[in-house]
Structures are given as structure tokens and as C-alpha cells.
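# Observations on chain architecture
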Amino acid sequence: MMQSKKSKFGISSLSLAISFALAGTVISSQAFAEDEEAVNKENVEKIAVVGSRAAPRSIGDSPVPIDIISSDDLKKNGSTDMIDMLVTSVPSFNSRAQPISDAATLVRPVNLRGLPSDSTLILVNGKRRHRASVIAFQGGGINDGAQGPDISVIPGVALKQVEVLRDGAAAQYGSDAIAGVMNFVLKDASEGGSITVSQGEYYEGDGAATTIDGNIGLPLTDDGFVNISAQYKTADATSRSVQRPDAAAIAYGTDGTDGNPYIQDPAQTWGNPEINDDYTVFINSGFDINDDTHLYAFGNVSSREATGGFYYRNPHNRGNVYSNDGGETLLVGDVGLAENGVASCSWVGNVSANVPNVLATDEYQAMVADPNCFAMNQIRPGGYTPQFTGKIEDMSFFAGVKGELGEWMYDASAGTGSNKASFGLKNSLNPSLGLDTPTDFDTGSYEQVETTVNLDFSRFVTLGGIEDISFAAGAEWRKESFEIGQGDEASWIAGPYADQGFNIGSHGFKGFGPESAGKNDRSNIGIYTDVEAYLTEDFLLGVALRYEDFSTFGDTLNYKLTAQYVATDELSFRASHSTGFRAPTVGQENVVNTQTSIVNGDLIQTFIAPPTNPLAAFYGGEVLEPEESVSYAAGLVYQYENLFLTVDYYNIEVTGRIAQSSQISVKASDYDALRAAGVEFPELISAVTFYTNDFDTTTQGVDIVGSYTTEMLSGDAKFSLAYGWTDTSVDKYDPETTDAGKVRRLEDGIPAHRATLTWGQSWDDLSMSVRANYFGEYYATHADDTSDWGSEVADAAVTIDLEVSYAVLDNLTVSVGANNIFDQEAQKLKDGTLGELGGVYYESGPFDYNGGFYYGRVNYRF
């Protein structure tokens, strides 16, 4: 039976769990019992708080699957990005590179158990983490349109451990917990610290990255602590590109003598963005007012700048910039027609664009000789590739008080968090402004702000013959807003040449105008109760119930049942069943954007509109509703001496799944009706996409996690296995808004089989870690093109990571290593697609297509 232990602060160990209503409680060193603080590090790392409101228990005794990743485990990776660290540690956790993916390049989306990033609830110190302002418009299928938190902003140096609950938990924690919960526990030491310097680059000689991080624990009198962590990073861009055939043909002409000298080689870059001034500071603190009352506060300030590439604009055929008939003739502007409505361009006839180099033709030279005529070739004679720039600014602050009131434990807290993404374009044009267009633009911003207030109570009660029944109840109020900031006028204005067929706004990423700018918000309140008890010494049963009411679309009631049965000292069985929901984000309901997409190998301009926008509504957009889910899970835990093994099966049915629709072509026959509905210049919009409750899906899988420790090779060895099988089937979708390629990418876009086998070996001053990563077959797509032209089934692959560390002194350690040490090549684009858009590899792959990465690291502890 569970017993309530008193800490030196007079607080029951249950107080660690009581406030895990909705957002959870802060976990600090002062919240642990004195005897718990004396437990060695290995055992502490096996204690989890997520997943139950009862006293913290070992992951082997949990009725739901939980992974614990220690700070040391996170460090054994060449990357300092939190996403990369977790991909190699957690089964069914995936992410992909985003070389040319609009805002998704700035904040990489992730997925747990085959569901999008906004289906996993992120906590820091048990408190709900605000979501990122960036929405993944090109999120690799599963994450198309997802708006999840930015976990890459959390540095490994700030963490004591990461707790990953792989089970539906909306009834316990609220919206966004359909796939599970990840809790990032900040360090809470009141003394000591570390400084680490890491540097590395890819085998190709690019992508050089430098990271400097540090941590220090300070006492706050004798009754508290302040723990400060900071990290600074920079990373050069990478390029895995070849020259595009269309650019090469223009550059060299037909005989090598009449080529266009303005073509860059490569004209377009596929690779990681350049990262500058990436810094983050996390502070965690706690203070004991008396034996029964504890104050806590934590927060962060972070910022980073990124610059990435876009698609190449061909100077002969790019629609609404250079040509409007597919490259047969050049798009020529008339100055007089734009200024006073009277044609003044004396050039009669067409300038042929279907030639090796339009600049070398007599027609072009005669046309540009007339000052009343122009073409965008006069500004960008070799075409152009816009560069997408972004600055991400992130902050949060939470504070609270917790303690005991008689038999009751309480936790009251409040906090706020914000994430702002400011966007820009370099090397672009607003063609509708003619030759007066600027080439660099501030295109505006997105900002997400969330405020949360929690009040939670819990206690142990006795009912009949059942003792130590854990009872918890609480409430949460939350408000979130999504604001679109207006860009420079030149980035969105319809210039005088719009009526002549020239594109409106900065090309590649249209700036946000007055009609798009604005702030939308909503609030919700949640009430929960949670009961858990051992009905016998071997049988644990838990029930959770949660009610939430949203200001925008109504209320929802969800439940969860959990059970665990201890069959023997070594073997136990566990199961869970729950209902859940995910509310559409305010951003998904209101976002506006313009993106360039690939469809059948061709670039098209796509307008992303709110589902109730006149353009979206015309093609089927409707008010978004919450997703609803039903989850089932069953598994076993086996522990024998140094062997630990868990096997868990899960099944998640989601109805009304929210996703971004496919590109819906704007037809010429609809122009008049669209204008009547209030859509301006519909003829300049190739396609529209919007968010819709379009899918019903069933996702099932098996996660196997095991570890074994032994003495070997005159040292200590630990073997760890993490295997995940994930299968998603689309049960229903609307073919009017979703194409078959998008469905297939949703079903097969990530490998069905993923496995990581790690061997860690340590001696007195020397340690080694070898990790083998297996990635099964998957449906590979080139950029966002799901047609047969740009897609195929990619082969399975294995990558090997190696790290060796040597303790030069007791407090000084030097490490060297490599990720993908044998430089396993990513899946190459198939014949007919290879190089067509300047790419070599499918960037949708599950591992880094940049190849092997080697690094060195020096760590000093004090």
C-alpha cells in the first residue's frame, strides 16, 4: 500500500503530484523528501511524476508507459538540439529536416506515436508550455498545419531529466495530450555547475556548429535555491544541391556562347538554414517560507535568427513575374497604362521567352529600349531565389506556492508564455510595383501568447477497507491569443501593375497586410478529479475525469481508466482506456499566409486562408471543431535482476482530425463569383488551402523498451533498446479537399519500424557509447509534392553513432564522436526527379540527409 511520507518541509510526497491537474506542479529539490535526496542519481532518474496523481513512483510500477531520459543520456549526442536528442532516445518519436518549408524551417515539428506535434502536451517543471507561433504549413504530411510548442528552445544543460508519457492523457492534463505528455524537469541544485564547449561539422565540410553552455546552482539563503542555465549556438548553412537543369540550360545556352551570366550555381540550395545568435537562458528557483509552505518560480528568455532558401524563380517562365503563358512569351509591363490608364509601351508584339536566353534576343533588347516598357528581368536578369529569414523570440515565467493545509495538499500557480516569429525576405520582388520594387522585405510576424492559472488540491482518504486512496481535484483557467503583425507596405500592397498580371506582394512569402493583421483570442476553464488506489496489494486502479469549456466552440467531458496487476515479483501487466480531444488552435482558426508549393513538379502560389475566409469558404471551408479521440493500451513490465523490459500496444482512433487541406485550384470560371464574395485579384491566386476537420484516422503501434546492465571487458556495460512500430490508416477523408497523395503521406510518411540499440561502456576514466539507429521503409516525397513525379517508397537504412569520453581530471572531461559515423547516404531522388529542382536527396527522410557529422566537446564541472 502507498504511504504518505513527510519531507523536511512537512509536505507529503503526494504534494509532488497534486498539482498535475491540467498543467501539473513544479518539481524542485525542495519538493523531494530528505531521504529521497539521498538516493543515488540512477534511482532518482527512474522516478516519474507524469502519468499519475498519486505519489511519484518508479517507471516499472507505472500503469502507463513512461520513458525517463537523464541529463547524461541527452549529452551523448553530437547535436545540441533537443529534438535530435529525443529522437535517438524515445520509441515512436520522430522528426524530419525542413530545408525549404517556409516557417517550419524555423521551428521543426515533431510527432509522437504517429500523431502531429500539437497532439503531444509539453510541460516544463510540470507546467503547460506555450505553443510556438509558427505553424508548419509544410510539415511533412503528419504535421501539415500543426502548431505545437518549440521544444528546441529548451537546452539540455538546463535539464535534470525528461519524462515522456506515451499514453493518451487529455482527461488528466487537457487539450493536446492525445498522443502523450513530455515533461522537461529543470535542474534544481543549489551548488555546483558546469561549462561545456562543443564544436563540429559535417563530413562535407559545411554546417560548422559551435555551442557554449553553462549551468550554476546558487543558494537562496539556507532555505532555497536559484539554478541558472544558459546556452549560445551558431550553425552555418549546409548545401546538398546540384544545379537545376533549367538554370544550367539558361546559363550555358545552346552552344556555350549566348548563355546568361547572371545564373548562380547552384541556383537553389537544399540544406539546413544558417543559425545566428541562438541563445537561451533558463532560471529555476524555490524557497521555503516555513515547514508547510514552499514558493517556486522559473522561466526563460530565448532568441534565435535563421536564414534559409526558397525555390528558384526561372527568368523565362515563372508565372506572374516573368511570364503568364508558361514561358512562351515574356510578361511585359506598360508604364503609361499603370499610371494614367493609357497604353504607352510602343513595343508591338511579343518577346519570346521559349529561347535559350531571353536577354540575348533582339526582341528583348528592343523592348527594354523603350522606357515605357519593362520586364522583371531588368532587375533580376538571372531569375532569383528568395531567402527566407526569421527571428524567433521566446519567453515564459511561472510562479506559485504549494504546501499543506491540514490533511490537504495544495498548489496554486500562475504563468505566462509567448513566442514571436518575425519574418522577412531577401532577394525577392513585389512584381506589381514594377521596377520600383524593393528586393528585401519585412513581411510581418506571428505571436502566440498564453496565460495559465492553476489551483489544485489532493489528499489520501480511506473508504471502507481501502486505505490510502489518492484523491485529487483542481481547476485551471487559460487564455491564449494569436496575433498577426503587419509587414512593410511594399511586402503586401497591390501595386499599379497588378491589373496587368504581375504578382501582388513580396514573391515567395507575401507580407501581412491590414486585412490580415490583427489579434484573436479565446479562453477556457477546466475542472478535473482523479482517484487512484490499490484495491489489493497487487491490483492498482485509477479513474480520471475532466470537463473543459471553451469560449469559442463549447465544452467537452473526457475520462481515463488505468490499471496495473502485479502477477509476480518480476512480471506485471498494465492497461489504459481513455477519451480525449484536441482543440483547434487560435492560429489554425485565423492564420493567413501565402506559400509556394510544388505540384507535379511545378511551382504554384498557394493562399492559406482561415476556413471562414470567403475564398476558403467558397471551396468548402467551415468552422473548425475539436478533434475527438478514443485510446486503448495494454502492456507488460518485466524486471529480473539487471534486466528491465516493457512492451506496450496502443490504438488511437481520432475523428475530425484537423489538418491542412491539399492545394485546391482556383478556377478561371470561378473568378466572377469570387470577386462578388469579396476576393481581390482571384486571377493571381493559383490555389487555396485551409484547415479542416477532414480526417478520421486509426493509429496503432507497439513500443518495446529494454535495458540490461552487466560487467564486461573489465568495466561496466549497459545495453538499451528502444523499438517502435507505428501504423496509421485513414478511415475517412473528403476527396474534394484532400488528394490521395496526401493521404498516403499521412499513412506512410514516417517509417513503420524504428529502433535504437545503444551500448554504453565505462571504465575508470574512459567511457564509450555506440548507438545503432534503424529506420524502416517509408513513403518519400520531394518537398511537398505528393504526386507520382516526386514520390516513391524509400529503402530502410541503419546509421551508427559513436562517442568516446576521457576524464582528463576529476572535473574535466573531453569527448569526441560522430553521428552517422559511416556516412550512411540518405535516399536519393528517383530517376526523372533527381536534380530537377536542384535537390539530391528526399528531405522528408527520417534521418539527417546531410550525412556524417563529427564533433568534439570539453566539459568542466565545478
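From a predicted model like this one, the values you see are computed outputs, not experimental measurements.

To continue, consider the overall build of the chain. Looking only at helices and strands, the chain features 14 helices and 39 strands. Taking 29 Å as the expected radius of gyration for a compact globule of 862 residues, we find that the chain reaches 28 Å, a close match to that expectation. Seen through its principal axes, the chain has C-alpha atoms that stretch 95 × 60 × 50 Å. Within the span of the chain, comprising 862 residues, buried residues form 60% of the whole. Looking at the chain alone, contacts between residues at least 24 apart form 72% of all its contacts between residues at least 6 apart. For the chain, the accessible surface area stands at approximately 31200 Å², while carbon and sulfur atoms represent 53% of it. Of the charged side chains in the chain, 54 are positive and 118 negative; the average position of the first set lies 4 Å away from that of the second.

Moving on, we get to the pattern of salt bridges. Under the defined criterion, the tally for this structure stands at 30 salt bridges. One salt bridge connects D118 with R582, and the closest N-O pair in it is separated by 3.2 Å. Remark: R582 occurs in strand β24 (residues 571–582) and D118 occurs in the loop between β5 (110–112) and β6 (120–124); sequence separation between them is 464 residues. With a relative accessible area of 0%, R582 lands in the buried category. A salt bridge links D648 to R574; its shortest N-O distance comes to 2.8 Å.

Take unusual backbone geometry next. Residue P266 is bonded to the preceding D265 through a cis peptide linkage, with omega at 0°. With respect to the element layout, P266 can be found in the loop between α7 (245–252) and β13 (274–290). Phi angles above zero are rare outside glycine, and T221 is one such case at about 60°. Within the secondary structure, T221 sits in the loop between β11 (209–219) and β12 (224–235). On the accessibility criterion, T221 (52% relative accessible area) is exposed. Unlike most non-glycine residues, N820 shows phi in positive territory, near 55°. By the secondary structure assignment, N820 is in the loop between β38 (812–819) and β39 (853–861).

On to the confidence of the model for the chain, then. Looking at the chain as a whole, its pLDDT mean stands at 88, while 90% of the residues score no less than 70. For the stretch residues 1–45, pLDDT sits under 50, and the model shows 154 contacts to residues farther than four places along the chain or on other chains.

With that settled, consider the sheet that holds strand β8 (residues 159–165). Within a beta sheet, neighbouring strands are joined by backbone hydrogen bonds and run either parallel or antiparallel to one another. Read from one edge of the open sheet, five strands run β3-β8-β9-β6-β7, paired in mixed fashion. Looking at which strands have only one partner, the edges of the open sheet turn out to be β3 (66–70) and β7 (127–128). Across two bridges, β6 lies against β7 in antiparallel orientation. Directly across from L123, in β7, lies its bridge partner R128.

F423, Y446, V591, L615 and Y619 are the most contacted members of the largest nonpolar core, which has 41 residues in total. Elements supplying a minimum of two residues to this core: β17 (387–405), β18 (408–426), β19 (441–463), β20 (466–485), β26 (602–608), α12 (614–618) and α13 (671–676). With three residues, the single largest contributor to this core is β18. Ignoring any residue separated from it by four or fewer positions in sequence, one finds V591 in contact with I135, F137, Y446, F482, I484, I608, A609, P610 and Y691.

Right, let's get into the environment of T697. Here T697 is to be found in strand β31 (residues 691–712). Here the alpha-carbon distance between T697 and Y733, two residues 36 residues apart in the chain, equals 9.0 Å. Separated by 3.0 Å, the side chains of T697 and R657 make a polar contact.

The pairing of strand β33 (residues 753–762) with strand β34 (residues 766–775) spans nine bridges and is classified as antiparallel. Bridge pairing in β34 links S762 to S767. Hairpin remark: β33 followed by β34, antiparallel, with three residues in the connecting loop. In this sheet, strand β37 (residues 797–809) lies alongside β34 in antiparallel orientation, the contact comprising ten bridges.

What follows covers the packing of aromatic side chains. Overall, the coordinates contain 24 aromatic pairs when judged by the stated rule. Where Y322 meets Y384, the ring centres are 6.2 Å apart and the plane angle is 50°; that geometry is what we call tilted. Residue Y322 is located in the loop between β14 (293–309) and β15 (333–334), and its partner Y384 is located in the loop between β16 (373–374) and β17; the two are separated by 62 residues in the primary sequence. Accessibility classification places Y322 together with Y384 in one group, the buried group.

The subject of this paragraph is the environment of Y279. Here Y279 lies in strand β13. In this structure the C-alpha to C-alpha distance between Y279 and S303, which are 24 residues apart in sequence, comes to 5.6 Å. Leave out the neighbours within four places in its chain, and Y279 touches Q231, Y232, V301, S302 and S303.

Let's shift gears to the pairing of β18. Pairing between β17 and β18: 19 bridges, direction antiparallel. The residue bridging A399 from the neighbouring strand is A414, located in β18. Taken together, β17 and the strand that follows it, β18, pair antiparallel across an intervening segment of two residues, in which G406 is found at a positive phi of about 65°. As paired elements, β18 and β19 share 17 bridges and run antiparallel to each other. Opposite F423, over in β19, you have G444 as the bridge partner.

As a further point, take helix α14 (residues 740–748). All of the buried residues in α14 are G741, K742, V743, R745 and L746. Those residues of α14 that are buried lie in contact with β28 (643–660), β31, β32 (715–732) and β35 (778–781). Residue D739 occupies the N-cap position of α14, its side-chain oxygen lying 3.1 Å from the main-chain nitrogen of G741.

Along the polypeptide, Q161 turns up in strand β8. Measuring from C-alpha to C-alpha, the distance between Q161 and A634 comes to 26 Å, with 473 residues separating the pair along the chain. Side-chain polar atoms of Q161 contact the side chain of E163, separated by 3.0 Å.

Quick notes on the rules
Residues numbered from 1 in each chain as written. Predicted model: local features only at pLDDT ≥ 70, side-chain atom pairs only at ≥ 80, totals over all residues. Heavy atoms only, no water. Helix = DSSP H or I, 4+ residues; strand = E, 2+ residues; numbered from the N terminus. Rg over C-alpha atoms; globule rule 2.2 N^0.38 Å. Buried < 20%, exposed > 50% of the residue type's maximum accessible area, 1.4 Å probe, protein only. Contact = heavy atoms within 4.5 Å. Areas by Shrake-Rupley, 256 points an atom, 1.4 Å probe, with all protein chains shown as cover. Lys, Arg positive; Asp, Glu negative; His and termini not counted. Charge placed at Lys NZ, Arg CZ, Asp CG, Glu CD. Salt bridge = Lys/Arg side-chain N within 4 Å of Asp/Glu carboxyl O. pLDDT = per-residue confidence, 0-100. Pairing = 2+ DSSP bridges. Core = buried A, V, L, I, M, F, W, Y, C linked by side-chain atoms within 4.5 Å. Polar contact = N/O pair within 3.5 Å; in protein donor to acceptor, adjacent residues only side chain to side chain. Phe/Tyr/Trp six-rings, centres within 6.5 Å; stacked < 30°, edge-to-face > 60°.

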